[in-house]
Amino acid sequence: MEKLHMIGTGTALSTKYYNTCYIIANKEGYLLEDGGSGNGILKRFKQMNLDWNRLHNVFVTHAHTDHVLGIIWVIRYVAYLMVEKDYWGELNIYCHQELKDIIETICKMLIRPAEAEMIGKRIHFHIVGDGNVRNVLGYEMTFFDIHSKKMKQFGFTMKLRNEKTLTCLGDEPYHLVNKKYVENADWLLAEAFCLYEDKEIYWPYRYHHSTVRDACELAETLHVKNLILYHTEDYEERKEKFIREGRKYFSGNILVPEDMEVINLDESF
């Protein structure tokens, strides 16, 4: 069984939600995508009963603080477990070259030498480029440059064990050059900063983000089956409001997960 564990679903400045990051889990283990902005990820692992010894693969999209700082804590904690002989195997981190340099520099500056020494020994970076294919957790993952206007960022697409496709667009709007990775996706993870009706409150386009309407119109145009909306501003009754607006523009299934919600990727809608 394959599941998506939504560790966090909020934007950088959200106070209601932890920053966007999640785990794809199968019987072999976990793939963590991003880490949020701090050591809150350690608390979330505990709250969600996630096993650190099942985590051997990490993908980091980009270097914004709400995505990368939690990765520093992941590396520190796993390295601590390695030193204490409480972690089996190795940790593999997939990211682009500039991001690898940033993460490695921060770790070597700020974490204990005994833990930093695990980098290169049992903690390994794997550099990805546009269109590169890697075997990760038994999946053939294709990484692609999202063509960010702010900072170099990568998304990915992969085929699940049930032959369904799952694609992650990162936390910025879709770029037309990536159509082949998104079209006809069974599952699409897309950011939705706010409701379209609130665009004059949250100014999503100023920060190069999408509204619920934008994400849903994209999913409809590209024949997506299941759309997962995340990376949002703080909202009361967010799930109900986002789905209500989204249904005006998208005929498929819309999911607006809460923090710590688990999505069964084997389900059909």
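Structure first, text after, so check above.
Remember, it's a predicted structure, so these values are computed and weren't measured experimentally.

Rules of the game
Residues numbered from 1 in each chain as written. Predicted model: local features only at pLDDT ≥ 70, side-chain atom pairs only at ≥ 80, totals over all residues. Heavy atoms only, no water. Pairing = 2+ DSSP bridges. Helix = DSSP H or I, 4+ residues; strand = E, 2+ residues; numbered from the N terminus. Axes fitted to C-alpha atoms, helices over the stretch in contact; angles between N-to-C directions. Contact = heavy atoms within 4.5 Å. Parallel < 35°, antiparallel > 145°, perpendicular 65-115°, else oblique. Left-handed = near helix turned anticlockwise from the far one by under 90°. Nonpolar A, V, L, I, M, F, W, Y, C, P; charged D, E, K, R; others polar.

Enquirer: Residues and numbers for the sheet that holds strand S12 (residues 226–230), please.
Expert: Strand order in this open sheet of 7 strands is S7-S8-S9-S10-S11-S12-S13, and the pairing throughout is mixed. Because the sheet does not close on itself, it has two edges, and the strands there are strand S7 (133–136) and strand S13 (253–255). Across the sheet, the axes of successive neighbouring strands diverge by a mean angle of 25°, strand direction being ignored. Running at roughly 160° to S12, helix H7 (residues 212–221) makes contact with strand S11 (187–191), S12 and S13 of the sheet.

Enquirer: Go over the packing of helix H2 (residues 65–83) against helix H3 (residues 97–110) with me, naming the residues and quoting the values.
Expert: Following both chains from N to C, one finds H2 and H3 inclined at 55°, their axes separated by 10 Å at the closest point. Our classification of the angle between H2 and H3 gives oblique. Of the two possible hands of crossing, H2 and H3 adopt the one that is right-handed. Every residue of H3 that contacts H2 at Val68, Ile71, Ile72 and Ile75 is listed here: Leu99, Ile103, Ile106 and Cys107. Tallied by class, the residues present in the contact of H2 with H3 amount to 8 nonpolar, no polar and no charged.

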